[in-house]
Each structure stands twice: as C-alpha cells, then as structure tokens.
Amino acid sequence: MRVFQDAALERFWSDRLRAWPSALIAGAAALLLYVATLGSHVYTADVAEFQTLARSGGISHAGYPAYVLLQQAFAKIPLGTLPWRANLLSTLFGAATVALLAYVGHRWTGRAAPAIVAALAFAASVTMWNESTLAGVHAPTLAVGAALLVLALRYLWEPSL
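Rules used throughout
Residues numbered from 1 in each chain as written. Predicted model: local features only at pLDDT ≥ 70, side-chain atom pairs only at ≥ 80, totals over all residues. Heavy atoms only, no water. Helix = DSSP H or I, 4+ residues; strand = E, 2+ residues; numbered from the N terminus. Buried < 20%, exposed > 50% of the residue type's maximum accessible area, 1.4 Å probe, protein only. Contact = heavy atoms within 4.5 Å. Lys, Arg positive; Asp, Glu negative; His and termini not counted. Charge placed at Lys NZ, Arg CZ, Asp CG, Glu CD. Axes fitted to C-alpha atoms, helices over the stretch in contact; angles between N-to-C directions. Parallel < 35°, antiparallel > 145°, perpendicular 65-115°, else oblique. Left-handed = near helix turned anticlockwise from the far one by under 90°. Nonpolar A, V, L, I, M, F, W, Y, C, P; charged D, E, K, R; others polar. Core = buried A, V, L, I, M, F, W, Y, C linked by side-chain atoms within 4.5 Å. Polar contact = N/O pair within 3.5 Å; in protein donor to acceptor, adjacent residues only side chain to side chain. Patch = residues over 30% accessible without salt bridge, like charges linked within 9 Å, V, L, I, M, F, W, Y side chains within 5 Å. Areas by Shrake-Rupley, 256 points an atom, 1.4 Å probe, with all protein chains shown as cover. Salt bridge = Lys/Arg side-chain N within 4 Å of Asp/Glu carboxyl O.

Residues and numbers for the overall build of the protein chain, please.
Counting its regular elements, the protein chain contains eight helices and zero strands. Starting at the N terminus, the α and β elements of the protein chain follow one another as α-α-α-α-α-α-α-α. Once the C-alpha set of the protein chain is aligned to its principal axes, its extents read approximately 50 × 35 × 25 Å. Counting over 161 residues, the protein chain shows a buried share of 42%. In the protein chain, the proportion of contacts linking residues at least 24 apart, taken out of those at least 6 apart, comes to 70%. Once the 10 positive and 7 negative side-chain charges of the protein chain are each reduced to a mean point, those two points are 9 Å apart.

Put into structure tokens, the structure is as follows:
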C-alpha cells in the first residue's frame, strides 16, 4: 500500500522499464576491464594486509571480519596467484556497483544508453578502477551502498516488510 503518490517514483518503478539489461551490459563491461587489469602480485599497505589475511585469516587493523572471511573463501579458488584471487573479490564488488549504477541511471532517465555510458565513465574513473582492482574494503562498501540506494527507493515507493 502506497503512503503517498510521487510521480517521479512511479516513473522510476514503472513496469514498462526493463533496466536489468543496462545493468548487465555495464557490469559485464566493468568486470572485463577490471579482470584484464587485475594485479597478480603482493601490493603495499592495506592491500598487502588484506591479501595476506586471505591466506592466514585473522583481524585486519580496522576489523572487517565479514570481508576477511570472504577473502578466505576466494583464496581457495584454484585460479591465479593468491594476491590475484584476493583482488578478484574487490573486482566483483566493483562490477556490481557499476551494474547497480547503470540500473538506477536507466530507471531514473528512462534511457539505456546514457545510463550505460555514465556507469562506464564511473567504472573507468581512476579511483573506482583502483579500488576495484586491489584488495580492500572500499569496493564492497560502494556495492552495499548502491544496493541500499535501490532498496531505499523501492521502500519509499512501496513501503513493506
């Protein structure tokens, strides 16, 4: 049951809009870009710490136990080097962020091409590219934030449990 009517949200969540293909295209393109440029060697500072924790477990300097557990799961994948696998987790979260950005952009504008171009421009920005190709908690945090944005917009449109 809708508490109030909002024309912008009605357009945003219209059944006529199929935004998932835009999300899939942008997310896949970002994933290909990030995997192609993924580092396979031990890095420095926090990245090296998370790459090491992927093998040893433990607690990072700032916590992040769920991230460390996910890193340990990725360490078991029989592909590439351990640092590459540790970086791969950030790559997947970065691509998910780009996909969600394209999804929201398509729903917001009603147009696929601008949404995909904007999401890919974000994906190719220096900061996003860096955070999505090195082990760290920034790409996962962005992905969770993007997912929460979609959920908040959905809840605002149609409050429910």
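From this point, things continue past the structure.
How would you explain the packing of helix α5 (residues 82-109) against helix α8 (residues 138-157) if you had to name every residue and give the values?
Two quantities define a packed helix pair, namely the angle between the helix axes and the distance between the axes. Orientation of α5 relative to α8, taken along the N-to-C sense of each, is 30°, at an axis distance of 8 Å. Between α5 and α8, the crossing angle belongs to the class labelled roughly parallel. Classified by chirality, the crossing of α8 by α5 is left-handed. Across the interface between the two elements, S90, F93, G94, T97, L100, Y103 and V104 of α5 pack against A139, P140, L142, A143, A146, A147, L149 and V150 of α8. Here the contact of α5 with α8 is composed, by residue class, of 12 nonpolar, three polar and no charged.

How would you sum up the nonpolar core? Please name residues and give values.
Counting 17 residues, the largest nonpolar core has F50, A54, Y67, L88 and A135 as the members making the most contacts within it. Of all elements in the fold, only α3 (45-56), α4 (65-75) and α5 reach the threshold of two or more residues within this core. Apart from residues no more than four positions distant in its own chain, A135 is found in contact with V47, F50, Q51, Y67, Q71, A86, N87 and S90. Ranked by size, the runner-up nonpolar core spans 11 residues in total, among them L9, A99, Y103 and V104.

Can you tell me about the side chain of S132, naming the residues and giving the values?
Along the chain, the position of S132 falls in the loop between α7 (126-131) and α8. According to the relative accessible area criterion, S132 is buried, its value standing at 0%. Among the polar contacts made by the side chain of S132, one reaches the main-chain carbonyl oxygen of M128 at a distance of 2.9 Å. Excluding anything up to four places from it in sequence, S132 contacts Y34, L38, N87, S90, T91, G94 and A139.

Could you give me a rundown of the packing of α3 against α5, with the residues and numbers involved?
Contact pair α3 / α5: the axes reach a minimum separation of 9 Å and the direction vectors enclose 105°. Accordingly, the angle class assigned to the pair α3 and α5 is roughly perpendicular. Residues V47, Q51, A54 and R55 of α3 form the contact with α5, whose participating residues are L82, P83, R85, A86 and N87. Class assignment for the residues of the contact of α3 with α5 results in five nonpolar, two polar and two charged.

Tell me what's going on with a nonpolar patch on the surface, and back it up with residues and numbers.
Side chains of L101, F122 and L142 sit close together on the surface and give an oily, nonpolar patch of about 220 Å² of accessible area. Summarising the element assignment, F122 is placed in helix α6 (residues 112-123). By relative accessible area, F122 is classed as partly exposed at 30%.

Please set out the environment of G58 residue by residue, giving values where relevant.
By the element assignment, G58 lies in the loop between α3 and α4. A C-alpha to C-alpha distance of 9.0 Å links G58 and L69, two positions 11 residues apart in sequence. Excluding residues that lie within four positions of it along the chain, G58 makes contacts with L53 and V68.

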